[in-house]
Amino acid sequence: MVTNKDEYYIREILNGDPGSFSHLVEKYKDLAFHVSLKILLNREEAEEAAQDAFIKAYRALPSFKGGAAFKTWFYRIVYNNAISRLRSSQNKRDVSLEDVRITDREVEETETALGRLSSEERQQYLQAALNKMAPEDRSLLVMFYFDELSVTEITEVTNLTESNVKVKLHRGRKKLFELLKGILKDEIISIL
């Protein structure tokens, strides 16, 4: 008896039933769109990227070995597809994590300021700051904090080493707080 529905549908597809792929599409369409949108920041581009990712996954399905969960394998396809699309049309407006110069004290002050905001306001400012980050840096934070992937799962998706993921997450948090600090400062100035 098969306990994993994904494995069942994969086996059916590989045995000649392409219609079984619709079950995987239905299950993972929101994930594909969400990941693509967080990287591309454009609804139409994200929809196209998600569709492309499903096509790539279907074509690559015979190479799926089951070493990782299908979800992780597919997430990697979606991530790589969105990053590739972005790189082909990337403008250089994003700030690199290496440009970050922020102290731990400033991080604490920004967290305190965020804590005073309503949940809706926090979400708005957080999204604005995330949107200013380089897509690859933003996607690591989204994977870890929003999609709740473990560091190990992120390494499988991105092909980065575990220590590199940890360093990039640390730098990403600092960059996020630097951006939040700037956004909150601008808001305070505009109110006064």
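Quick caveat: nothing in here was measured; it's all calculated off a predicted structure. (Residues numbered from 1 in each chain as written. Predicted model: local features only at pLDDT ≥ 70, side-chain atom pairs only at ≥ 80, totals over all residues. Heavy atoms only, no water.)

A. View of the overall build of the chain. Counting secondary structure elements, the chain contains nine helices and zero strands. For the chain, the N- to C-terminal ordering of α and β elements is α-α-α-α-α-α-α-α-α. Partitioning the contacts of the chain with sequence separation of at least 6, the portion at a separation of at least 24 is 68%. For the chain, the exposed area adds up to about 11400 Å²; of that, 50% sits on carbon and sulfur atoms. (Helix = DSSP H or I, 4+ residues; strand = E, 2+ residues; numbered from the N terminus. Contact = heavy atoms within 4.5 Å. Areas by Shrake-Rupley, 256 points an atom, 1.4 Å probe, with all protein chains shown as cover.)

B. The side chain of T158, seen in detail. Looking at where T158 falls in the secondary structure, it is placed in helix 8 (residues 151-158). Looking at T158, its side chain comes within polar contact range of the main-chain oxygen of I154, at 2.8 Å. Those residues in contact with T158 that sit more than four places away from it in its chain are Y79, L140, M143 and V165. (Polar contact = N/O pair within 3.5 Å; in protein donor to acceptor, adjacent residues only side chain to side chain.)

C. Local environment of the pattern of salt bridges. Per the stated rule, a full pass over the model turns up eight salt bridges. Between D6 and K27 there is a salt bridge; the shortest N-O distance is 3.0 Å. Pair noted here: D6 is in helix 1 (residues 5-14) and K27 is in helix 2 (residues 21-40), with a separation of 21 residues, a long-range link. D6 gets classed as buried once you look at its relative accessible area, which sits at 6%. As a salt-bridge pair, R85 and E45 come within 3.7 Å of each other at their nearest N and O atoms. Taken together, the residues R85 in helix 4 (residues 70-89) and E45 in helix 3 (residues 43-60) connect sequence positions 40 residues apart. Since its relative accessible area comes to 18%, R85 is described here as buried. The exposure class of E45 is partly exposed, given its relative accessible area of 31%. One salt-bridge network, held together by shared partners, links E45, E48, D52 and R85. (Salt bridge = Lys/Arg side-chain N within 4 Å of Asp/Glu carboxyl O. Buried < 20%, exposed > 50% of the residue type's maximum accessible area, 1.4 Å probe, protein only.)

D. Representation of the side chain of S139 in the model. Structurally, S139 can be placed in helix 7 (residues 135-146). Here S139 falls in the buried class, since its relative accessible area comes to 4%. Discounting residues that sit within four places of it in the chain, S139 has contacts with I39 and Y79.

E. Layout of helix 8. Inspection of helix 8 places V151, I154, T155, V157 and T158 among the buried residues, and these make up the whole buried set. For helix 8, the buried positions fall inside an angular range of 165° around the axis, keeping them on one side. After helix 8 finishes, the residue N159 shows a positive phi value of roughly 65°. (Arc of directions from axis to C-beta.)

F. Quick peek at the packing of aromatic side chains. Tallied over the full model, the rule gives 11 aromatic pairs. Taking 5.2 Å as the distance between ring centres and 70° as the angle between the ring planes, the aromatic pair formed by Y8 and Y9 counts as edge-to-face. On the basis of relative accessibility, which here comes to 39%, the residue Y8 falls in the partly exposed class. It is K38 that lies over the ring of F146; its NZ or CZ is 5.6 Å from the centre. (Phe/Tyr/Trp six-rings, centres within 6.5 Å; stacked < 30°, edge-to-face > 60°. Lys NZ or Arg CZ within 6 Å of the ring centre and 35° of its normal.)

G. Expanded view of unusual backbone geometry. With phi around 55°, E148 is a residue other than glycine that occupies positive phi space. Positive phi values are uncommon outside glycine, yet N159 reaches one of about 65°.

H. View of the packing of helix 1 against helix 2. Two elements in contact, helix 1 and helix 2, have axes separated by 8 Å at closest approach and are oriented at 145°. Listed contacts from helix 2 to D6, Y9, I10 and I13 of helix 1 are F21, H23, L24, K27 and Y28. Broken down by class, the residue content of the contact of helix 1 with helix 2 amounts to six nonpolar, one polar and two charged. (Axes fitted to C-alpha atoms, helices over the stretch in contact; angles between N-to-C directions. Nonpolar A, V, L, I, M, F, W, Y, C, P; charged D, E, K, R; others polar.)

I. Just the nonpolar core, in detail. Within the largest apolar cluster, 47 residues are counted, with the highest numbers of intra-cluster contacts made by L24, F70, F74, Y75 and M143. Contributions of two or more residues to this core are made by helix 1, helix 2, helix 3, helix 4, helix 6 (119-132), helix 7, helix 8 and helix 9 (162-191). If one sorts the elements of this core by residue count, helix 4 sits on top with 10 residues. Among residues more than four places away in sequence, those in contact with F74 are Y28, L31, A32, A53, F54 and A57. (Core = buried A, V, L, I, M, F, W, Y, C linked by side-chain atoms within 4.5 Å.)

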